[in-house]
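Listed below are the residues making up each chain.
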Amino acid sequence: MKLSLEDCKKLIHEATLARTRAYAPYSNYQVGAAILTEDGQLFTGGNVENAVYPLGMCAERVAIATAIATGARRIVALAVVTANGGTPCGACRQVLREFADVDIPVLIGTPDGAYHELRLEELLPESFSVTDLKEAQ
Ligand code: THU
């Protein structure tokens, strides 16, 4: 799917807003994520840390879980915004893959509105998915 410039800007904007709501008192590294589902809905999330450090949740997975919990199943784009243009962690890439095709756009941005676009398969090449399980049956 090719996102319009307007869609890209909207996703980056929403991820930037979500980042302002992140709860990251331990790392002080705020992350905002926004996802677009195939029916055109937009969901956001920020990272949510915890005094028990390993319990912290990444922004991307907060946004994905929110979308899936409302009944959405397919994600067609993701935007992530951090202070320095950090990319989604490996775990978030795999969780995204569960609900997204390999060619979806992943926008990596900063709070000033700058971003660049990658495909999920560039972030997670030769990914494992439900297809592999089905092929083995
Ligand atoms: N973080 C995310 O929210 N997403 C990522 O993809 C990378 C890392 C969060 C986790 C933690 O709250 C903080 O950033 C520092 O690792």
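Rules used throughout
Residues numbered from 1 in each chain as written. Predicted model: local features only at pLDDT ≥ 70, side-chain atom pairs only at ≥ 80, totals over all residues. Heavy atoms only, no water. Patch = residues over 30% accessible without salt bridge, like charges linked within 9 Å, V, L, I, M, F, W, Y side chains within 5 Å. Areas by Shrake-Rupley, 256 points an atom, 1.4 Å probe, with all protein chains shown as cover. Salt bridge = Lys/Arg side-chain N within 4 Å of Asp/Glu carboxyl O. Helix = DSSP H or I, 4+ residues; strand = E, 2+ residues; numbered from the N terminus. Buried < 20%, exposed > 50% of the residue type's maximum accessible area, 1.4 Å probe, protein only. Phe/Tyr/Trp six-rings, centres within 6.5 Å; stacked < 30°, edge-to-face > 60°. Near = heavy atom within 4 Å. Polar contact = N/O pair within 3.5 Å; in protein donor to acceptor, adjacent residues only side chain to side chain. 1 Å grid on protein atoms, 1.4 Å probe; cavity = no way out; pocket = protein on both sides within 12 Å on 5 of 7 lines; lining within 4 Å. Sits in = over half its atoms within 2 Å of the grid points. Pairing = 2+ DSSP bridges. Axes fitted to C-alpha atoms, helices over the stretch in contact; angles between N-to-C directions. Contact = heavy atoms within 4.5 Å.

Undergrad: Where do I start with a nonpolar patch on the surface in this structure?
TA: On the surface, a nonpolar cluster with roughly 540 Å² of combined accessible area is contributed by Tyr-23, Tyr-26, Val-48, Tyr-53 and Met-57. Looking at the secondary structure, you find Tyr-23 in the loop between helix H1 (5–20) and strand S1 (32–37). With relative accessibility at 43%, the residue Tyr-23 sits in the partly exposed group.

Undergrad: Could you clarify how one ought to interpret the packing of aromatic side chains in this entry?
TA: The description of an aromatic ring pair uses the distance of the two centres, along with the angle that the planes make with each other. Per the counting criterion, the structure on display carries one aromatic pair. Seen in terms of ring centroids, Tyr-26 and Tyr-53 are 5.5 Å apart; in terms of plane orientation they differ by 40°. Their pairing is tilted. Taken together, the residues Tyr-26 in the loop between H1 and S1 and Tyr-53 in the loop between strand S2 (42–46) and helix H2 (59–69) connect sequence positions 27 residues apart. A relative accessible area of 40% places Tyr-26 in the partly exposed class. Taking relative accessible area as the criterion, Tyr-53 reaches 61% and is therefore assigned exposed.

Undergrad: What is the right way to look at the site of the ligand in this model?
TA: With respect to spatial proximity, the complete set of residues near the ligand consists of Ser-27, Tyr-29, Val-31, Asn-47, Glu-49, Cys-58, Ala-59, Glu-60, Thr-87, Pro-88 and Cys-89. Note that an oxygen atom of the ligand is positioned 2.9 Å from one of the side-chain N or O atoms of Asn-47. At 2.5 Å, a side-chain N or O of Glu-49 approaches an oxygen atom of the ligand. Within the complex, the protein chains bury 75% of what would otherwise be the 370 Å² of accessible surface of the ligand. Of the pockets mapped on this structure, the ligand occupies the largest pocket.

Undergrad: Would you mind showing me how to read the sheet that holds strand S3 (residues 75–81) here?
TA: To summarise the sheet geometry, strands pair through backbone hydrogen bonds and adopt either a parallel or an antiparallel arrangement. Taken together, five strands build an open sheet; the order of strands is S2-S1-S3-S4-S5 and the sheet is mixed. Because the sheet does not close on itself, it has two edges, and the strands there are S2 and strand S5 (115–119). The mean angle between the axes of side-by-side strands here comes to 20°, regardless of whether they run parallel or antiparallel. Across five bridges, the pairing between strand S4 (residues 105–109) and S5 is antiparallel. Looking across to S5, one finds that Gly-109 is bridged to Tyr-115. Along the sheet, H1 makes contact with S1, S2, S3, S4 and S5, crossing S1 at roughly 140°. Seen against the sheet, H2 touches S1, S2 and S3 and runs at an angle of roughly 140° to S2.

Undergrad: Is there a simple way to explain H2 in this structure?
TA: It helps to recall that an α-helix has 3.6 residues per turn; residues three or four apart then point in one direction. Those residues of H2 not exposed but buried are Ala-59, Glu-60, Val-62, Ala-63, Ile-64, Ala-67 and Ile-68. Turning to H2, the residues buried within the fold contact S1, S2, S3 and helix H3 (90–99). Count one or two residues on from H2 and you reach Gly-71, which has phi positive near 110°.

The analysis is restricted to geometry; functional conclusions fall outside its scope.
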